[in-house]
Structures are given as structure tokens and as C-alpha cells.
Amino acid sequence: MKKMYQVALFVGGFIFLGFIALILTNGDQLGMQRTPPPNQKEERMEQKGMDQVLAEDLSMTTSMFLSQLSLQLDRWAEQDLSDNVLKQKFQQEVQEHPHFHSFAIVKNGKITETFGEIHEEKLKQLHHQHKELTFSDPYQEENEHFFMISKEMANDKTVAGEINLTFVKNYIKDLASVADSNGNFFVSGDDPEVQWKTTKDLPRGVSAQTVPELGWQIVVHSDLEDDEEQHYVEGQAVIKLVNNQNSEAWIEEQEDLSLVKNSDPYYVVESTTKSTNELLDDLTDHPDIEFVEPNFVFTKQATRTVVPNDEFFQPYQWNLSQIQAEEGWKVTDGSEETTIAVLDTGVDPNHQDLKEKVLEGFNAFDGTSNSNDQHGHGTHVAGIAAALTNNVTGIAGVAWQNNILPVKVLNENGEGSSFEVARGIRWAVDNGAQVINMSLGDYHNSYILHDAIKYAHQNDVVLIAASGNDNTNEPMYPADYAEVLTVAATDDKRERAFFSNYGNHIDVAAPGEHIPSLFPNNNYVIMSGTSMAAPHVAGLAGLIRSINPELSNEDVYDLITATAIDLGERGHDPFYGSGEINVGDALKQLIE
């Protein structure tokens, strides 16, 4: 029996909120030529470019956050507070809003109405003006950071709010530090080396971006590792037995072997005394075992004019206009009968832009239906594919009406194993998914993963995968499998995003740089990566199957590639595949 593994190593890999994709290769096993590893100077230049894109994502997200706050102030300023019943309902709404700690209406410098604790002394901190908004510097109370925002209205009235900055801190996490307009850092990482006090402490060459409305500076602190990283769960192996009927009993009979996870026909086993390589050597030639491999770690990687009224569509969602989404929506905006499975970190089912369209999902770690997103990546991906649209709020999704089936195969750190991903694929297929989006991956050719991919393909599921964010021609998995439609990333100029992986396995491209979408707890953020490009294509596949569910998965692939906008070299090329997807042309061809 052939040993189905090689040691997986992550070289200069990155895993952060702004970038997520899949980077997997097992080129030597497949007889492919490996790209020589970049030297340290080249690697650091690549990392600096990635850091700068992330800094831009974080700055744009903060600007979008301020826009959301401004619109909320407008809505609240119009409330009729003379009616006590309406006043009580309004007070409850303020308390339930995720960002506003308190709210006040001010006339001639005096507070006339207040909800929550806000005092006139705090209004004196409003020193910074940007267009119609006035801001304070951030300040800290009881280990939480706040700042004040106000807006002039008609009749000498001002509305003001005290904003809890927990969202900004949670989104940025340890990726970056934020300094106020005076150059003082009020958000910083846990690493002592990046706990700067002022911008004067910054080392040369760091990537930074200014939030124009506030004058805040966001500085990315890259964690570029010089050492190679182990990319499988030590001491574990995934097996499939020749006779699956007595698998658990067989495992119990083996000395120094315990069952960790069971997802028939796949089993994760563990040794307390052997390393992964020793365990694989022992099991490889066992007559009862069909295959064995490491438990690889995967990471997040109308004849009518249709202009959605979502608040962030026109100012931020260049990506949907670029792929001719409005033209496609003239034909269809999707169907509740079509389901897109999102294999990722889970999905926030209570997000205001996803409510009532998120089906009961699956947690591939514990086998329960708890597929809530504790990371944010999966919610962002789901929003791109199918956020609620024309609901005034937030963003527009590609497939408005299609349902989302959340399958949690990555944990709160954006990590999972080949076992969870394969288990999630099979569950999604068995529970009605017509399209599966996989913004994840690794550079290892996993037998268990490919087996699950083939199972999905044989059951006529459309499989979409991100190509990866390492600017390399080494293929990732599942992106390299023939059964999968692989997606590279473009920018707003229809040029290849510099981080996007390339090669002959690339099928199509889609926007993947500075893409706005959802984040847990009714938030909205901007991220970059081929992880963001893939759900554009999954959304298009969902729209195609909404119009004609009889088309096979291969028919869907052919339609998407045939109608793509040719970019780069004429015809199929390694950077764009057949080109950038064209939603309008693809859907029109179905009805002509």
C-alpha cells in the first residue's frame, strides 16, 4: 500500500483576519516541480506588501464603521421622543445597539434627552472635526475604551453618542496597533515588542495606514516566521479500514492506539508514545488499513434597473459592479430552494444581514449543530456569497435569496484538520448543499480530503475553492483537485491581486482585495484574500442553479468559465484562468 503522506511545512505563511486562503501543496508526490523557496529578502518584501493591504483593510473598515455610526445618529435624531411609549422603545433600542454606550440630544450646549450615562462634561471632549461629524480622542474607563461622536442637525440640535471601541479592538486583535490623532497608542498587541506608547516608538519600515476621518494611525505588526512550521497534528493519523463494519473494535484491539474522532468511514487515531512519522510507518503496511495519512491542519485562507438600497453598496462594493452583478440580478436574485454550504469557521446566524436564511448547520469538531462563528472569517465569506439585499442595512450579497448552510470545519483560530474538512464536505452533501464554498486549504494532497471531494462531485455538488495567498505557482488542496472550480483574486483594476496563487489549475478569477462584508454581532469589516474571491463564484453558482437546477455541476463550471471576461494572455492563463467571472452574461445565457 502506498504511504499517503509527506511532512507538511508552512514557510512564511500568514494567517490573519485581512487575509485568508489556502496554501497547500504536495508537489513532490505528484511529480510537479516545486518553486524554489524565496530568499529572506524576497519573503520580507512579500510580507510587507501583504501587511500594507491588511493596514488598508483595517483603515477602510474603521471608515465604514464610522459611516454606520453616522447613519445611526441620523435615524435616531428623527425619533419622536414626546410619546412615552415610543421613548421607552427607543431607550431599549439604544441599550441593545452593539456600539452605542449612550446617546444624547443637545440643544444650545445643554443635554435635553439622554439614554445611558452621558454628561455634558464629556461633550467638551469633542475637539476633532471631519465634515459634519465631530469626534473626541479615545479615552479609557474601567478597562474599556470609548470615544465621543456628534453630528449637527437642524434647529440648533446636536445628536451625540458615546461609542464603545470593543469592536475595533476585537477586529484588530493582535494584528495591529492603533494610535489616536495625537500619536498615542490606545490599542496594541500582547507581544511586548509591539506595545508602543507613541508613534515615535515605531521601528522603521512598518506598514501603516491613516483613518482619514479620525487621523488615527493603524500599524500592522507582521509575525514573519523564519522557521518552518509543522502542519499536522502531532501523534495523530487519519485511517480508513478495509472492513469498516468493525472499525472501532479493531482500534480498541491495537496496542498504544486510541480513537480520537469517528466519522465513518474515516477515523482519527492517536498514539501516546509514537510521533506522527513513527505512527504512519507502523500503520502504512498493515493489511487491515486501506489508507493512512497525517491529520493535516487547514487554515482559513432584470429589465428593471437593480441598484440595491443597502447602505454600503454604492460607496464600498465596487466588487459587485465589476462582475456585472446588477445585470445578473435583472435575471434572478436567487432562490430559497438553492443552498450554498460555507465550510469555514462557522456563520453568525443572528447577523441582521443573514437572519432567517441561515439553515441549521454542523460542527465537524463535535458533531453537533453548533456552527456559530467565533472567528469572523466564515461570516464574512457567507455575506459575500448571499447577504440579505435591498434591506437598507449593510451590504449586498451575490445571491440574495439563496440559503446558507454553515459547516464549521475551522475553529476560533481559523484552523482545522483534513478530518474535519472531509467530514464537513460529506455532511454538507448529505444535507442538501448544491454549492460548497471552501475558502481554506493546505499544501498537502490529502487522501481523505480528495475522497470527500470526489464524493461531493459524484453527487453533483458544485465545489468552489480559493487558490491561496502566497503568490506562488505551487497548488493548494482542495484547489488543485480536478473536481473543484479554483478561484484566483483580482483587484479593482481587474489586475491580479499580488498575493494570489497562480498556475494551470486556476479556473477563474474574482474580486479579492478590500472586500466589504459581514462580521459577527452585526458588524461589517473589509478583508482581502482569495478567500474573499471564492464566495463571489459560489454566489454565481447559486444563482445559476436557482434558474436551472437541472444543470450538472460540470455544466455550471462550463458556463462560468465560458462567460468569464478574458484577462491577461488571450485564452486560459495561469493568473486568471478563463478570466474574471461575469454574472450578467452567465445568467443571460441561461434564458436566451
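The structure displayed is predicted, hence computed values, not measured ones. (Residues numbered from 1 in each chain as written. Predicted model: local features only at pLDDT ≥ 70, side-chain atom pairs only at ≥ 80, totals over all residues. Heavy atoms only, no water.)

## Thoughts on the packing of helix H13 (residues 530–547) against helix H14 (residues 553–562)
In step 1: One way to put it is that H13 packs onto H14 with a least axis distance of 11 Å and a crossing angle of 115°. The interaxial crossing formed by H13 with H14 has right-handed handedness. For the pair H13 and H14, contact is made by Val-537, Leu-540, Ala-541, Ile-544 and Arg-545 and by Asn-553, Val-556, Leu-559 and Ile-560, respectively.
In step 2: Classifying every residue of the contact of H13 with H14 by side-chain character gives seven nonpolar, one polar and one charged. (Axes fitted to C-alpha atoms, helices over the stretch in contact; angles between N-to-C directions. Helix = DSSP H or I, 4+ residues; strand = E, 2+ residues; numbered from the N terminus. Left-handed = near helix turned anticlockwise from the far one by under 90°. Contact = heavy atoms within 4.5 Å. Nonpolar A, V, L, I, M, F, W, Y, C, P; charged D, E, K, R; others polar.)

## Quick look at the sheet that holds strand E16 (residues 266–270)
In step 1: Within the open sheet, the four strands sit side by side as E15-E16-E14-E17. Their pairing is antiparallel. Of all strands in the sheet, those with a lone pairing partner are strand E15 (258–263) and strand E17 (289–293), marking the two edges. Across the sheet, the mean angle separating the axes of adjacent strands is 25° when strand polarity is ignored.
In step 2: Bridge count for E15 against E16 is five bridges, and the pairing is antiparallel. Each residue of the ladder has a partner; that of Lys-261, found in E16, is Val-268.
In step 3: On top of the sheet, helix H12 (residues 447–458) reaches strand E14 (236–241), E16 and E17; it is set at about 115° to E17, its chief contact. (Pairing = 2+ DSSP bridges.)

## Focus on the sheet that holds strand E20 (residues 362–363)
In step 1: With respect to topology, seven strands assemble into an open sheet ordered E20-E21-E19-E23-E24-E25-E26, the strand pairing being parallel. Of all strands in the sheet, those with a lone pairing partner are E20 and strand E26 (508–511), marking the two edges.
In step 2: Direction of pairing for strand E23 (residues 435–438) relative to strand E24 (residues 462–466): parallel, over a ladder of four bridges. Across the sheet, the residue bridging to Asn-437 is Ile-464, located in E24.
In step 3: Contacting strand E19 (339–344), strand E21 (403–408) and E23, helix H10 (residues 377–386) runs over the sheet at an angle of about 155° to E19.

## A word on the packing of H13 against helix H15 (residues 583–591)
In step 1: Contact geometry for H13 and H15: axes closest at 10 Å, N-to-C directions at 15°. When the interaxial angle is binned, H13 and H15 end up roughly parallel. Judged by the sense of rotation from one axis to the other, the crossing of H13 with H15 is right-handed. Contacts between H13 and H15 involve Leu-540, Leu-543, Ile-544 and Ile-547 from the former and Val-583, Ala-586, Leu-587 and Leu-590 from the latter.
In step 2: By residue class, the composition of the contact of H13 with H15 is eight nonpolar, no polar and no charged. (Parallel < 35°, antiparallel > 145°, perpendicular 65-115°, else oblique.)

## Quick notes on the confidence of the model for the protein
In step 1: Scored by pLDDT, the protein comes out at a mean of 83, with 86% of its residues at no less than 70.
In step 2: Note that residues 224–228 has pLDDT below 50 and, in this model, twelve contacts with residues that lie over four places away or in other chains. (pLDDT = per-residue confidence, 0-100.)

## A word on the pattern of salt bridges
Once the charged atoms of two side chains with opposite charge are near each other, the side chains can pair.
In step 1: Going through the model one piece at a time under the given rule, you end up with eleven salt bridges.
In step 2: For Arg-545, the salt bridge identified is with Asp-460, shortest N-O distance 3.1 Å. Of the two residues, Arg-545 is situated in helix H13 and Asp-460 in the loop between H12 and E24; the sequence distance between them amounts to 85 residues.
In step 3: We classify Arg-545 as buried; its relative accessible area is 5%.
In step 4: Of the charged contacts in the structure, one is a salt bridge between Glu-580 and Arg-494, with a shortest N-O distance of 2.6 Å. A residue pair is termed long-range when its members are at least 10 positions apart, and Glu-580 in the loop between H14 and H15 and Arg-494 in the loop between strand E25 (485–490) and E26 qualify at 86 residues. (Salt bridge = Lys/Arg side-chain N within 4 Å of Asp/Glu carboxyl O. Buried < 20%, exposed > 50% of the residue type's maximum accessible area, 1.4 Å probe, protein only.)

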